[in-house]
Amino acid sequence: MKRLLQTPIVLLLAAAPASEAPSPAAMKATVTALVGFGTRHSLSDPTDPKRGIGAARAWAKARFEAIGATCGGCITTETIARTFTGPRAPNGVEIVDVLGIQKGSDPNRVVIVGGHIDSIVGDVMDSKADAPGANDDASGVAVVLEAARLLSRHKFKATIVYAVFSGEEQGLWGGKLLADTAKERGWQVSAMLNNDIVGNSVGKDGVIANRTVRVFSEGIRNVEDLKGDLARRANGGEDDGPSRALAKTIDGVAAGIPGGLDAFIVRRPDRFGRGGDHLPFLELGYPAVRFTVAAERWDGQHQYVRTEKGVAYGDTIDKMDFVYLSKVAAINIATIRRLAGAPAAPEGVTVAGALSRDTTVAWQAVPGAVKYRVHWRRADTQTWSMSRNVPGATELVLKNVPIDDNFVGVSAVAADGSESLVTFAGPAPRK
C-alpha cells in the first residue's frame, strides 16, 4: 500500500514562528529515553536508578525542572502519591504522578494535559520483562513535555498542569489520583486533554492513517443525575455537554492548522469497552477528552517483544511516526493556548422564546471577558454555524431565530481573541 505524503511540520502552526512548532526530533528523544528504562511497569522497582518506573519518573521530573529553569521558574515541579490496591496490584502499590505546573494569572482555573508513563507486556502482572511502551504511552508523555517546552515561553490566564501519570495499566489510578487532587484543591478545571497511544500512523495489517487523530468525548455528563439527564434530553443538549463542547473546540482548532490532522470526533467517552486516564475526570464532572491514533496497531500493544511467523510483536519505537506525533502535539498545544488564554466558560446560560419567532439569550458575567459570542445552529445539525459578538452586555435577543428550530450557546472572549468553550443554553430555572 502506498504511503501518503507527510506535510512538513514547519507548516503546522502558520501563525507562529518555526521555533514554536513541535519538534519531531525532540519528541523522538523523549520516547527513546523512556524506552531505555527497560520497563516502566507500575510494580517495577521504584528505587533502581536506571531501570523501572522509579527511574522513569525521576527522569520526567528532571525534564520539567530543566524546562522550568529555561523560563525563570515559570514551571514548578511536584509529585503526588497514594497507595492503591486492586486485582492488578493485590499487595498494594504507591502510585506517583509527576506534575509540571505553570501558574496563570487566574491560578485556580486549570487546563490539564496528560499522558501515562507506565507500560506493560502480555502478562499485566509481569514487572520484570522488557516493556518498551513506546506508543503506549511514551508518545503521550512526549506530547506533555513538548507542550511544556513550547508553552512555557508564554504567559496565560489559566494555570496549565502538565501531568505524567502512573498506574494507568493497573486501573487508571494515576488519573484518579490527579482528578481527586483537583477536587481537593478546588481547581476549576476548564479542560483535561488525555493523550494515550498517539504516535503511530500505520495500524494493524498495514492500514495507513496519517491524516486523522481520534478525539473521544462524552455527550451527556457522567455526573448528571436522572433529573439533569432528563432536562438535557428535553432541551436537546445530548451533543453539547462540556466534554463534547471541548471536542468540538478541538475539531475547530485542528481545522485551522494548515497541513495538520483532521480531528475525528468520536461520540463516546473512549474506545468500545476500554478506558483511559480521562475517565476519572469525567466521573467528577470535569470536561475531558482522549486523543488516540486513527488506526491502532494491536500487535504493538501489551505484547512481549518477539517475532512469530514473520510478525514483529511489541510496543517498540520503530513502529512510530514522529512527524504524525508532532502533529498531534500541535493540536494539543493550540487548544491549550486558546483555552488557557481565554476566560472561563460562561455559567447560567439560558434561553427563552416559546411561542415566539425571537429567542432571548442571557448569561452570567465572566471575569476577564471583553465580549461574549452567542452561537446558534439549526436543530438538525451538530456544529455551530452562526454567531454574534456581544460587548458590554449579558443578554441578546436573536430576531427571527425561533427557539423551537435552533440550538444556542455562549462563549467568553479575551482581549487577544482567545475564546472559551461554548456553554449550551437551557431554560431558566423555575422559581
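Rules of the game
- Residues numbered from 1 in each chain as written.
- Predicted model: local features only at pLDDT ≥ 70, side-chain atom pairs only at ≥ 80, totals over all residues.
- Heavy atoms only, no water.
- Helix = DSSP H or I, 4+ residues; strand = E, 2+ residues; numbered from the N terminus.
- Buried < 20%, exposed > 50% of the residue type's maximum accessible area, 1.4 Å probe, protein only.
- Areas by Shrake-Rupley, 256 points an atom, 1.4 Å probe, with all protein chains shown as cover.
- Lys, Arg positive; Asp, Glu negative; His and termini not counted.
- Charge placed at Lys NZ, Arg CZ, Asp CG, Glu CD.
- Pairing = 2+ DSSP bridges.
- Polar contact = N/O pair within 3.5 Å; in protein donor to acceptor, adjacent residues only side chain to side chain.
- Disulfide = S-S within 2.5 Å.
- Core = buried A, V, L, I, M, F, W, Y, C linked by side-chain atoms within 4.5 Å.
- Contact = heavy atoms within 4.5 Å.
- Phe/Tyr/Trp six-rings, centres within 6.5 Å; stacked < 30°, edge-to-face > 60°.
- Lys NZ or Arg CZ within 6 Å of the ring centre and 35° of its normal.
- Axes fitted to C-alpha atoms, helices over the stretch in contact; angles between N-to-C directions.
- Parallel < 35°, antiparallel > 145°, perpendicular 65-115°, else oblique.
- Nonpolar A, V, L, I, M, F, W, Y, C, P; charged D, E, K, R; others polar.
- Left-handed = near helix turned anticlockwise from the far one by under 90°.

## Looking at the overall build of the protein
Stage number 1. Secondary structure summary: the protein contains nine helices and 18 strands in total.
Stage number 2. With respect to the three principal axes, the spread of C-alpha positions in the protein is 70 × 50 × 45 Å.
Stage number 3. Here the protein holds 431 residues, and the buried ones make up 56% of them.
Stage number 4. Carbon and sulfur atoms make up 54% of the accessible area of the protein, which amounts to about 17,900 Å² in all.
Stage number 5. One finds the centroid of the 51 positive side-chain charges in the protein at a distance of 4 Å from the centroid of its 47 negative side-chain charges.

## Notes on unusual backbone geometry
Stage number 1. For the bond from Asp-136 to Asp-137, the omega torsion is 10°, close enough to zero to count as cis.
Stage number 2. Phi is positive for His-302, which is not a glycine, with a value near 55°.
Stage number 3. Its location among the elements puts His-302 in the loop between β8 (288–293) and β9 (306–308).
Stage number 4. Given the relative accessible area of 33%, His-302 is considered partly exposed.

## Details of the sheet that holds strand β12 (residues 359–362)
Stage number 1. Pairing in this open sheet of four strands is mixed, and the strands run β15-β12-β11-β18 from one edge to the other. Each of the sheet's edge strands pairs with one partner strand only, and the pair in question is β15 (395–398) and β18 (426–427).
Stage number 2. Examined bridge by bridge, strand β11 (residues 350–352) and β18 share two bridges and lie parallel to one another. When the sheet's bridge partners are listed, Val-351 is paired in β18 with Pro-427.

## Overview of the side chain of Ser-411
Stage number 1. Of note, Ser-411 is situated in strand β16 (residues 406–413).
Stage number 2. Taking relative accessible area as the criterion, Ser-411 reaches 0% and is therefore assigned buried.
Stage number 3. Looking at Ser-411, its side chain comes within polar contact range of the side chain of Glu-419, at 2.5 Å.

## What about the state of the cysteines?
What we call a disulfide is simply a covalent bond connecting the sulfur atoms of a pair of cysteines.
Stage number 1. For the structure on display, the rule yields one disulfide.
Stage number 2. Each sulfur of the disulfide joining Cys-71 and Cys-74 lies 1.9 Å from the other. A torsion of -90° about the S-S bond marks the disulfide between Cys-71 and Cys-74 as left-handed.
Stage number 3. The exposure class of Cys-71 is partly exposed, given its relative accessible area of 22%.

## Section: the nonpolar core
Stage number 1. Core analysis: the biggest nonpolar cluster contains 63 residues, and Tyr-162, Ile-250, Phe-291 and Ile-336 have the highest contact counts within it.
Stage number 2. Looking at which element gives the most residues to this core, the answer is helix α9 (residues 322–341), with 12 residues.
Stage number 3. Apart from residues no more than four positions distant in its own chain, Ile-250 is found in contact with Leu-193, Val-215, Ala-263, Val-289, Phe-291, Ile-331 and Thr-335.
Stage number 4. The next biggest cluster of nonpolar side chains, apart from the first, holds 26 residues, and it includes Ile-101, Trp-187, Phe-281 and Tyr-286.

## Remarks on the sheet that holds strand β14 (residues 386–390)
Stage number 1. The strand order across the open sheet built from four strands is β14-β13-β16-β17, with neighbouring strands paired in antiparallel fashion. The sheet terminates laterally at β14 and β17 (423–424), the two strands that pair on one side only.

## What about the packing of aromatic side chains?
Geometrically, a pair of aromatic rings is defined through the distance of the ring centres and the angle of the planes.
Stage number 1. A complete count under the given rule lists six aromatic pairs for this structure.
Stage number 2. With a centroid separation of 6.5 Å and an interplanar angle of 35°, the aromatic rings of Trp-384 and Phe-424 are classed as tilted. Here Phe-424 lies in strand β17 and Trp-384 lies in the loop between β13 (371–378) and β14, a separation of 40 residues in the sequence. In terms of burial, Trp-384 and Phe-424 fall into one category: buried.
Stage number 3. Cluster of aromatic residues (ring-pair linked, three or more members): Trp-384, Phe-407 and Phe-424.
Stage number 4. The ring of Tyr-313 is capped by Arg-306, whose NZ or CZ atom sits 4.2 Å from the centre of that ring.
Stage number 5. In this structure, Arg-377 packs its charged tip against the face of Trp-384, placed 4.4 Å from the ring centre.

## Comments concerning the packing of helix α1 (residues 24–35) against α9
Stage number 1. Contact geometry of α1 with α9 gives a least axis separation of 9 Å together with a crossing angle of 100°. Here α9 runs roughly perpendicular to α1, going by the angle between their axes. Between α1, through Pro-24, Met-27, Lys-28 and Val-31, and α9, the contact on the second element is made entirely by Phe-322, Val-323, Leu-325, Ser-326 and Ala-329.
Stage number 2. Of the residues in the contact of α1 with α9, the class split is seven nonpolar, one polar and one charged.

## Overview of the environment of Gly-72
Stage number 1. Among the structural elements, Gly-72 can be located in the loop between α2 (53–70) and β1 (75–86).
Stage number 2. The exposed category is assigned to Gly-72, whose relative accessible area is 75%.
Stage number 3. Separated by 81 residues in sequence, Gly-72 and Arg-153 place their C-alpha atoms 10.0 Å apart.

## Quick word on the environment of Leu-34
Stage number 1. Mapped onto the fold, Leu-34 is located in helix α1.
Stage number 2. You can call Leu-34 buried: its relative accessible area is 0%.
Stage number 3. In sequence terms Leu-34 and Gly-114 are 80 residues apart; their C-alpha atoms lie 16 Å from each other.
Stage number 4. Not counting residues within four places of it along the chain, the set of residues in contact with Leu-34 comprises Arg-40, Ala-56, Trp-59, Ile-117, Ala-138 and Val-141.

## Topic: the packing of α2 against helix α3 (residues 134–151)
Stage number 1. One can describe the packing of α2 onto α3 by two numbers: an axis separation of 9 Å at closest approach and a directional angle of 15°. Considering the angle they form, α2 stands roughly parallel to α3. Where α2 crosses over α3, the handedness of that crossing is right-handed. Seen from α2, the contacting residues are Trp-59, Arg-63, Phe-64 and Ile-67; seen from α3, they are Val-144, Leu-145, Ala-148 and Arg-149.
Stage number 2. Here the contact of α2 with α3 is composed, by residue class, of six nonpolar, no polar and two charged.

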